[in-house]
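Spelled out, the chains give:
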Amino acid sequence: SGTVLLQVRVAPLGLDRVLVLAEDRTEAHRVEAIRRDFVVNVSHELKTPVGALALLAETLQDAADDPVAVRRFTERMQREATRLSALVQEIIELSRLQVAGALQNPSPVPVREVVEEAVDRARTTAQAKNIAITLGGSLDCVVYGDHNLLVTAVRNLLDNAVAYSSPATRVGVGVSERNGLVEIAVVDQGIGISEPEQERVFERFYRVDQARSRDTGGTGLGLSIVKHVAADHGGDVTMWSEPGRGSTFTLRIPSADIPAPSGNPPGPAA
Ligand code: ADP
């Protein structure tokens, strides 16, 4: 909006003069609102697995002399604990991105290294579902940014592509470069996302299907993280999807090959 939040301080300088200091607090105010909102959501999301663990422990106590029940409950507790730990890890990642904002130490990053590392890490889960991941396109592009953050972003897209696809389908990663932008597209033949849901999937903690996403260990934070990483690199993430046919998520990052007008190394927009 066009509203600007000013913090004004007035100091007397003498009998007929004052010093007026005005500071623009708009951005600080916005960041504070995001943080408050995030804390509320996080508390809510953490309550569910913690509550489930407490309940399972209590039930386990009552069933202590039934080995079958003990096994069943401890397995469920392990699942909840794994989920909780993934959630905490993503919350830390996302809050770091939100607080740090822009990149700390950007440097030239070969896209091939990013994509190959992300594919390597996603391969185990993909193999378990008999999903082949193929890699192609202009892999020799270079972007300017943070290797680890970019791997995290592509990895999140790949994990989703695998999680929301049926066994024995294919997932592809394609790299192309046009108009000074490097595009990394992750294509799947999975369940797809209906049009009304498409706008919402980038929201923090948003999941299309709570129950299914729980089974796949989803946290609802993956795409928010991708969105932040893209923005921090001066780029964006877009999607195409059709229920029953699949989805394509495209991460666009400015290429490092384009010289900046000033002669400085190209970096993300401030
Ligand atoms: P999650 O941890 O639940 O996967 P994300 O933020 O990564 O959270 O994604 C949000 C939601 O968007 C998911 O719960 C899922 O419903 C939907 N989604 C994301 N990627 C895909 C995809 N490739 N195919 C179908 N649905 C997807």
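Keep in mind that this is a model prediction, so the values were computed, not measured.

**A few points about the sheet that holds strand E6 (residues 170-178)**
Then step 1. Strand order in the open sheet made by the five strands is E4-E6-E7-E9-E8, with mixed pairing throughout. The open sheet has two free edges, formed respectively by strand E4 (132-137) and strand E8 (236-242), since each of these has just one partner strand. Here the strands of the sheet are splayed against their neighbours by 15 degrees on average, with no regard to which way each runs.
Then step 2. Relative to strand E9 (residues 246-254), strand E7 (residues 181-188) runs antiparallel, the two sharing seven bridges. The partner of Glu183 across the bridge, within E9, is Arg252.

**Details of the pairing of E9**
Then step 1. In terms of burial, E9 is largely enclosed, as seven of its nine residues are buried.
Then step 2. Sheet analysis places E8 next to E9, joined by seven bridges and oriented antiparallel. Along E9, the bridge assignment pairs Met239 with Phe249.
Then step 3. Following E8, the chain reverses through three residues before pairing antiparallel with E9; Gly244 in that reversal takes a positive phi of roughly 85 degrees.

**Quick notes on the pattern of salt bridges**
Then step 1. Counted according to the given criterion, the structure contains 14 salt bridges.
Then step 2. One salt bridge connects Arg71 with Glu75, and the closest N-O pair in it is separated by 3.3 Å. With Arg71 and Glu75 both in helix H2 (residues 67-100) and four residues apart, the pair spans about one turn of that helix.
Then step 3. On the basis of relative accessibility, which here comes to 58%, the residue Arg71 falls in the exposed class.
Then step 4. Because the salt bridges share partners, they merge into one network encompassing Arg9, Glu23 and Arg25.

**Observations regarding the packing of helix H4 (residues 147-163) against helix H7 (residues 222-232)**
Then step 1. In contact at an axis separation of 9 Å, H4 and H7 are set at 145 degrees when each is read in the N-to-C sense. You can see that H4 and H7 cross each other, and the crossing is left-handed. Residue-level contacts link Leu149, Leu150, Thr152, Ala153, Asn156, Leu157 and Asn160 of H4 to Gly222, Leu223, Ile225, Val226 and Val229 of H7.
Then step 2. When its residues are assigned to classes, the contact of H4 with H7 shows eight nonpolar, four polar and no charged.

**As for H4**
Then step 1. Its 17 residues give H4 an end-to-end C-alpha distance of 24 Å, which sits within 8% of 24 Å, the value for a rise of 1.5 Å per residue.
Then step 2. Listed in full, the buried residues belonging to H4 are Leu149, Leu150, Val151, Ala153, Val154, Asn156, Leu157, Leu158, Ala161 and Val162.

**Quick notes on unusual backbone geometry**
Then step 1. Despite not being glycine, Asn130 shows a phi value in the positive range, around 60 degrees.
Then step 2. Overall, Asn130 belongs to the exposed group, its relative accessible area being 55%.
Then step 3. Positive phi is not limited to glycine here, since Phe205 has a value of about 70 degrees.
Then step 4. Classification of Phe205 as buried rests on a relative accessible area of 7%.

**Topic: the site of the ligand**
Then step 1. Around the ligand lies a shell of 20 residues, among which Asn160, Tyr164, Asp188, Thr219 and Leu223 are the nearest.
Then step 2. At 3.2 Å from an oxygen atom of the ligand is found a main-chain nitrogen or oxygen belonging to Val208.
Then step 3. Between the ligand and Gly220, the relevant distance is 2.9 Å, taken from an oxygen atom to a main-chain nitrogen or oxygen of the residue.
Then step 4. The fraction of the free accessible surface of the ligand (530 Å²) that becomes covered by protein chains is 96%.
Then step 5. Elements that contribute at least two residues to the shell around the ligand include exactly H4, H7 and E9.

**Focus on the nonpolar core**
The nonpolar side chains of a soluble globular protein tend to be buried, and buried together.
Then step 1. In this structure, Val111, Ile133, Leu158, Val171, Ile184 and Leu251 are the most contacted members of the largest nonpolar core, which totals 51 residues.
Then step 2. For this core, the element with the highest residue contribution is H4, accounting for nine residues.
Then step 3. Beyond its immediate sequence surroundings of up to four residues, Val111 is in contact with Leu139, Cys141, Val142, Val143, Val175, Val182 and Ile184.
Then step 4. Grouped together as the second largest cluster of nonpolar side chains are six residues, Leu56, Ala63, Phe73 and Met77 included.

About the cut-offs
- Residues numbered from 1 in each chain as written.
- Predicted model: local features only at pLDDT ≥ 70, side-chain atom pairs only at ≥ 80, totals over all residues.
- Heavy atoms only, no water.
- Pairing = 2+ DSSP bridges.
- Helix = DSSP H or I, 4+ residues; strand = E, 2+ residues; numbered from the N terminus.
- Axes fitted to C-alpha atoms, helices over the stretch in contact; angles between N-to-C directions.
- Buried < 20%, exposed > 50% of the residue type's maximum accessible area, 1.4 Å probe, protein only.
- Salt bridge = Lys/Arg side-chain N within 4 Å of Asp/Glu carboxyl O.
- Left-handed = near helix turned anticlockwise from the far one by under 90°.
- Contact = heavy atoms within 4.5 Å.
- Nonpolar A, V, L, I, M, F, W, Y, C, P; charged D, E, K, R; others polar.
- Expected span 1.5 Å × (residues − 1).
- Near = heavy atom within 4 Å.
- Polar contact = N/O pair within 3.5 Å; in protein donor to acceptor, adjacent residues only side chain to side chain.
- Areas by Shrake-Rupley, 256 points an atom, 1.4 Å probe, with all protein chains shown as cover.
- Core = buried A, V, L, I, M, F, W, Y, C linked by side-chain atoms within 4.5 Å.

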